[in-house]
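Take a look at the letters that make up each chain.
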2 protein chains.
Amino acid sequence: MNQTHDHIVKSFDSELARLNAEIARMGQLAAEQLRAAMHALQHRDEPAADQVIARDHEIDQLERIVAHDALKLLVLRQPMARDLREVYAALRVSADIERIGDYAANVAKRSKVISAAEPMRITAGMLPLAQMALDSLEAAMRAYRERNDQQAMHIRARDAEIDALYTTLFRGLLTYMAEDTRKITACTQLMFLGKDIERIGDHSTNICESVWFLVNGEMLSGGREKADHTAESRADE
Amino acid sequence: MNQTHDHIVKSFDSELARLNAEIARMGQLAAEQLRAAMHALQHRDEPAADQVIARDHEIDQLERIVAHDALKLLVLRQPMARDLREVYAALRVSADIERIGDYAANVAKRSKVISAAEPMRITAGMLPLAQMALDSLEAAMRAYRERNDQQAMHIRARDAEIDALYTTLFRGLLTYMAEDTRKITACTQLMFLGKDIERIGDHSTNICESVWFLVNGEMLSGGREKADHTAESRADE
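The structure reproduced in this document is the subject of the present report. Here the residue numbers are simple positions, counted from 1 along each chain's written sequence. Following the order in which they are written, the chains are lettered starting with A and the ligands numbered starting with 1. Given that this is a predicted model, residues contribute local features only at a pLDDT of at least 70 and side-chain atom pairs are listed and counted only at 80 or more, while totals for whole chains, interfaces and linings are drawn from all residues. Think of the side-chain values as coming from all heavy atoms in the structure, minus any hydrogens and water.

**Quick notes on unusual backbone geometry**
All names here are of chain A.
Stage number 1. Even without being a glycine, A81 presents a positive backbone phi close to 50°.
Stage number 2. By the element assignment, A81 lies in helix α3 (residues 81-116).
Stage number 3. Residue class for A81 comes out exposed when judged on its relative accessible area of 55%. Numbering of helices and strands runs from the N terminus, with a helix taken as a DSSP run of H or I at least four residues long and a strand as a DSSP run of E at least two residues long. Relative accessibility thresholds used throughout: buried, under 20% of the residue-type maximum; exposed, over 50%; partly exposed, between the two (1.4 Å probe, protein chains only).

Following this line, the structure appears as structure tokens:
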């Protein structure tokens, strides 16, 4: 290995490390945002909700930095094979975290409407759902950091549990609305809030699929359908 | 210009042309899918809805091909400045079209539940909304094909009209549900279906922003908030 090649390799590695640090920071921010949105929902804390909404742009900005750095890395270092997959995965994972940030902000937005409504048992049902999504996000980020494809597949498989709980909550909300029409507005907001959380689970699953691709060089296709089953739910069931 | 450089330039241009053709095909497919989903909703045509759901993977596959070709182009041709932005925009635009395809499939899925319910005037209200989203998608794809940044800004500004109509429809659905609890299930599905359509408008807006970046080399940030206002809607308004 000559000196020039050595220099290029070292540069690639240090630039990739920077990219990874940026993505880790994005993941931490997204988890913080979701946690803060859950707090806002649980304690009807509107200022906390407003803060989540205001901070979303930080994640958006980080994603642009990652995209910029990733493209520069591709053009200047011309990575091949696994190195190329590293950069591709960085682009995909950062895009998924950015979407998760959007959904956390949506949860905060919707929590403000819920807090205006009377306290309801069903609101509490959203918290375990959000906790599952948060666990899934943090586990997916750990699998990505450790390039652990087996762990990633394990987390991906567990997304079905989030979907199942969401479907149960959705059906409960339909029943509540039918029983008491004064609850229609709040229940509708909770349905969308639940959907936002369920989507966070989907994007964590996407992160897991990027880890698999990074490690194994093959795309997982069509295996797990990332869809809830509320389209088949009826109030009269 | 020497022969080698000439050869590289020619290769870049022909590979970029291929990338553009793939994205144009993606855009056509997404528009076809949305049109077919609208038909399924309007005519309660379940087999048509099933076909939309089954064809979604074609758009997904095309996006992977675009991502693969774009990264290969970056690594092999090392484009700079406008050429680099071309490849970056290709990645962004194809990701947005892929999401639009997902939402069109969601519309088809939800239309199957609506078709099981009694006919409702409010279902018809979704069709103008979907037509606006379809127009926006096709106009955004035209602006991208023609690299027309002014046209892109014009289309982007019109997304507010989609948001406004969605909010109106959402409020109407809240009222319907309160008036007749037997309509709760169908109205809920229509709310989500409307939200899917509204999101198609958002992603068309993203395509417009990619066109602006491609032409001008600067990101549009924070200008237009891509959010509906249904979180502030109440049945008792």
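**Regarding the layout of surface pockets**
Stage number 1. A 1.4 Å probe that fits into a set of points on a 1 Å grid over the protein atoms alone but cannot get out defines a cavity; an open set with protein on both sides within 12 Å along at least five of seven lines defines a pocket, and lining residues are those with an atom within 4 Å of a point. Grid points are joined across faces, edges and corners, and a volume is the space filled by probe spheres set on the points. The space that makes up the second largest pocket amounts to roughly 310 Å³.
Stage number 2. In this structure, the second largest pocket is lined by 15 residues; those nearest its centre are L84(A), R85(A), F213(A), H68(B) and L71(B).
Stage number 3. Put simply, the parts of the chain that give the lining of the second largest pocket at least two residues each are α3 of chain A together with α2 (46-77) of chain B.
Stage number 4. Broken down by element, the residue count for the lining of the second largest pocket peaks at seven residues, all from α2(B).
Stage number 5. Residue classes follow a fixed rule: Ala, Val, Leu, Ile, Met, Phe, Trp, Tyr, Cys and Pro count as nonpolar, while Asp, Glu, Lys and Arg count as charged, and any other residue, Gly among them, counts as polar. Considered class by class, the residues forming the lining of the second largest pocket number 10 nonpolar, two polar and three charged.

**Focus on the side chain of R85(A)**
Residues and elements named next belong to chain A.
Stage number 1. Relative to the elements of secondary structure, R85 occurs in helix α3.
Stage number 2. For the buried R85, which has no salt bridge, the nearest side chain bearing the opposite charge is E86, at an N-O separation of 8.0 Å.
Stage number 3. Throughout this description, a polar contact denotes any pair of N or O atoms lying within 3.5 Å of each other; where both atoms belong to protein, one of them has to be capable of donating a hydrogen while the other can accept it, and for residues adjacent in sequence the pair is counted only when both atoms sit in side chains. At 3.2 Å, the side chain of R85 and the backbone oxygen of F213 are in polar contact.
Stage number 4. For R85, the contacting residues outside a window of four places in its chain are F213, L214, V215, N216 and G217. By the counting rule applied here, Lys and Arg register as positive and Asp and Glu as negative, while His and the ends of each chain are not counted. Any Lys or Arg side-chain nitrogen located within 4 Å of an Asp or Glu carboxyl oxygen qualifies as a salt bridge. Note on contacts: a residue pair qualifies if any of its non-hydrogen atoms lie within 4.5 Å across the two residues.

**Re helix α7 (residues 184-216) of chain B**
All names here are of chain B.
Stage number 1. Given a rise of 1.5 Å per residue, 33 residues ought to cover 48 Å, and the 48 Å separating the end C-alpha atoms of α7 matches this to within 8%.
Stage number 2. α7 sits mainly inside the fold: 31 of its 33 residues count as buried.
Stage number 3. G217 occupies a position one or two residues after α7 and carries a positive phi of about 70°. One less than the residue count of a helix, multiplied by 1.5 Å, gives the span that helix is expected to have.

**Observations regarding the packing of helix α4 (residues 121-145) of chain B against helix α6 (residues 159-179) of chain B**
All names here are of chain B.
Stage number 1. Only C-alpha atoms enter the line fits that serve as axes; for helices the fit covers just the stretch in contact. Angles between N-to-C directions range over 0 to 180 degrees. Across the interface, α4 lies against α6 with an axial gap of 10 Å and an inter-helix angle of 165°. It follows that α4 is roughly antiparallel to α6 by the angle criterion. Where α4 crosses over α6, the two elements pack in a sense that is left-handed. Contacts between α4 and α6 involve R121, I122, G125, M126, P128, L129, M132, A133 and S136 on the former and, on the latter, E161, I162, L165, Y166, L169, G172, L173 and Y176. Orientation categories follow fixed angle ranges, with anything under 35 degrees roughly parallel, anything over 145 roughly antiparallel, 65 to 115 roughly perpendicular, and all other angles oblique. Here is the rule for handedness: rotate from the far helix to the near one, and if that takes an anticlockwise turn smaller than a right angle the crossing is left-handed, while a clockwise turn gives right-handed.

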